[in-house]
Structures are given as C-alpha cells and as structure tokens.
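# Survey of secondary and tertiary structure
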Amino acid sequence: MESNGDSNAHWLYHQCSTARTTMGTPITPLQLSIEVLKFIKSIGEDEENADQMKLFAVLKNGGKAKKRDLNFVYEIIERAMVLRDDEELSEGALREVAAREDGTAPNEIG
C-alpha cells in the first residue's frame, strides 16, 4: 500500500508530466515537479491559500513554460495546502516516482 507521501508524489509527478506538454516546457516532468514542490513548500504556515500568481511566475521562470495550463494551476492550487503539510512529500519521493516511471535509479535523474 502506498504511503500518503508516495501517493502525493505520484499525483504531483503525473500532473507535471501531463502539463508540461500543454505548457510547452523543455524541462522534464521531474524537474517541473521539483519546481512546483519548491513553490508549495515555500507557502508559509500562516497562509491559508496558495497564490496562483506566484505559481504562474514559478512556471514561467523555473519551469520555462511558454504557455499557461490553467487546469494544472487550479489543480495545484486546490491541493497546495495538503501537499505543503505532507512531510513525506519531498524531492527524494519525486525522484523515486520518476525512477519507477523511467526505469532508472533515483539519483540518476534530473
């Protein structure tokens, strides 16, 4: 059975994998997942909502997105607080998901 961290990592990785085509970004699903994770983990404990404009900026700058994927942004923003509070969701967890998807060792990716 998957742990909560693994299922959130899996969800985030697959959201990023799907969105990267729509956004026209050259970075890998793992790289995009890590950029989004950094954004999510930067949300302050005192904040009740994630700022979608900040996420757009992250996607444009760190994600090198050429286009916006509004559905992706809305999905991330909707689940951001759950993801932020998930202590098992980490770059390492994302690398493990990517390794399972790509068939490579977690430290060989990204």
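Quick look at the structure, then. (Residues numbered from 1 in each chain as written. Predicted model: local features only at pLDDT ≥ 70, side-chain atom pairs only at ≥ 80, totals over all residues. Heavy atoms only, no water.)

## What about a negative patch on the surface?
Defined as follows: Only residues whose relative accessible area exceeds 30% and that form no salt bridge enter a patch; like-charged residues are grouped when within 9 Å of one another, and nonpolar side chains (Val, Leu, Ile, Met, Phe, Trp, Tyr) when within 5 Å. Methods summary: accessible areas were calculated by the Shrake-Rupley approach with a probe of 1.4 Å, and residue burial reflects only the protein chains presented. Throughout this description, the term salt bridge denotes a Lys or Arg side-chain nitrogen within 4 Å of a carboxyl oxygen of Asp or Glu. The charge count treats Lys and Arg as positive and Asp and Glu as negative. His and the chain ends do not count. Note that the charge is assigned to NZ on lysines, CZ on arginines, CG on aspartates and CD on glutamates. Burial status follows relative accessibility: with a 1.4 Å probe on protein chains alone, a residue under 20% of its type maximum counts as buried, one over 50% as exposed, and anything between as partly exposed.
A surface patch of negative charge is lined by Glu45, Asp46, Glu47 and Asp51. Residue classification places Asp46 among the exposed positions, given a relative accessible area of 69%.

## Quick look at the packing of aromatic side chains
Keep this limit in mind: Only centres within 6.5 Å qualify two rings of Phe, Tyr or Trp (six-membered ring in Trp) as a pair; their planes then separate them into stacked at under 30 degrees, edge-to-face at over 60, and tilted for everything else. Two limits define a charge over a ring: the Lys NZ or Arg CZ must be within 6 Å of the ring centre, and within 35 degrees of the ring normal.
On inspection of all chains with the given rule, the structure shows zero aromatic pairs. Directly above the ring of Phe56 sits Arg68, whose terminal nitrogen or CZ lies 4.0 Å from the centroid. Between Arg79 and the ring centre of Trp11, over which it is positioned, the NZ or CZ distance is 4.3 Å.

## Things to note about helix 5 (residues 91-102)
This is how it is decided: Strands here mean DSSP runs of E at least two residues long; helices mean DSSP runs of H or I at least four residues long; both are numbered from the N terminus. Multiplying 1.5 Å by the residue count of a helix minus one yields the expected span of that helix.
With 12 residues, helix 5 extends 16 Å from end C-alpha to end C-alpha; this agrees with the ideal 16 Å at 1.5 Å per step. Turning to helix 5, its buried residues number three or more, namely Ala93, Leu94, Arg95, Val97, Ala98 and Ala99. Just downstream of helix 5 lies Gly103, where phi reads positive at about 75°.

## Things to note about the nonpolar core
Heads up, the condition is: Each nonpolar core is a collection of buried residues, namely Ala, Val, Leu, Ile, Met, Phe, Trp, Tyr and Cys, held together in the definition by side-chain atoms within 4.5 Å. Only heavy atoms enter the contact rule, under which two residues are in contact if any of them lie within 4.5 Å.
By size, the foremost hydrophobic cluster in this structure holds 34 residues, and its most contacted members are Leu12, Val36, Phe39, Leu59, Phe72, Ile76 and Leu94. Counting residues per element, the ones that place at least two in this core are helix 1 (4-23), helix 2 (29-41), helix 3 (52-61), helix 4 (70-85) and helix 5. Look past the residues within four positions of Phe72 in its chain and what remains in contact with it is Gln15, Cys16, Ala19, Met23, Val36 and Leu59.

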